[in-house]
Amino acid sequence: MTLNRSGGRFDLTKIAAAFPETAETMLLDTYLTDKPEASIRVFRIYRDIPPHYHTQCDEVLHVLSGEGTFWIDDPADEAPFAPGHLLVFPRRAVHALPRILRDPVIFLAIDTPRRAPDDVVFINPADGTPAGFIKSL
């Protein structure tokens, strides 16, 4: 597959299968499109994701594979996710994916506007940095 920053046809199964089994960062992603008004990515989560938020975009996630739990704004509202579910994290909404229950956890993400790779703010700064959060393949 050749990266097309504006559009095209993408084999999500093939893209998901290309992620390695391990990663040094919490997530690895691949941008399918990347324009100022929106980006579309496929990403794999490698470990539980602590509470954080994004300052620049709303994040819409379609679960392609795996199972786990997530919450938005209130840890008491932790709920499961599984393939076929859609998770919507509004800009600046604190959210977390505290438990991976079945690997691999892979999402199709639509970010509006574009999600910059360094757009992550951890509630507890000791939980991570943008460089340790995500890396693109």
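Residues numbered from 1 in each chain as written. Predicted model: local features only at pLDDT ≥ 70, side-chain atom pairs only at ≥ 80, totals over all residues. Heavy atoms only, no water.

- As annotated in an unreviewed UniProt entry, the chain carries the name Cupin domain-containing protein and comes from Acetobacter cerevisiae.

### A closer look at the overall build of the chain
Phase 1: A tally of helices and strands in the chain yields two helices and nine strands.
Phase 2: Secondary structure elements of the chain occur, N-terminal to C-terminal, as α-β-β-β-β-β-β-β-β-α-β.
Phase 3: As displayed, the chain offers around 7,000 Å² of accessible surface, 55% of which is attributable to carbon and sulfur atoms.
Phase 4: Computed over 14 positive and 19 negative side-chain charges, the separation of the two mean positions in the chain equals 7 Å. (Helix = DSSP H or I, 4+ residues; strand = E, 2+ residues; numbered from the N terminus. Areas by Shrake-Rupley, 256 points an atom, 1.4 Å probe, with all protein chains shown as cover. Lys, Arg positive; Asp, Glu negative; His and termini not counted. Charge placed at Lys NZ, Arg CZ, Asp CG, Glu CD.)

### A few points about the environment of Phe-43
Phase 1: Mapped onto the elements, Phe-43 comes out in strand E2 (residues 38–45).
Phase 2: Put simply, Phe-43 and Phe-19 are 24 residues apart on the chain and 8.4 Å apart in space, counted from C-alpha to C-alpha.
Phase 3: The contact partners of Phe-43, leaving out residues within four places of it in the chain, are Phe-19, Leu-27, Leu-28, Asp-29, Leu-61, Val-105, Ile-106, Phe-107 and Ala-109. (Contact = heavy atoms within 4.5 Å.)

### Things to note about the side chain of Asp-29
Phase 1: Its place among the elements puts Asp-29 in strand E1 (residues 27–35).
Phase 2: A distance of 2.7 Å separates polar atoms of two side chains, one belonging to Asp-29 and the other to Ser-136.
Phase 3: If we ignore the near neighbours within four places in the chain, the residues touching Asp-29 are Phe-19, Arg-41, Val-42, Phe-43, Ile-134, Lys-135, Ser-136 and Leu-137. (Polar contact = N/O pair within 3.5 Å; in protein donor to acceptor, adjacent residues only side chain to side chain.)

### Quick look at the UniProt feature "domain: Cupin type-2" (unreviewed entry) in the chain
Phase 1: The UniProt entry lists residues 48–109 under the feature "domain: Cupin type-2" (unreviewed entry), expressed in the numbering used here.
Phase 2: With 0% helix and 68% strand, the stretch residues 48–109 has end C-alpha atoms that lie 18 Å from each other. (UniProt positions renumbered as here; feature names shortened; annotations may be inferred.)

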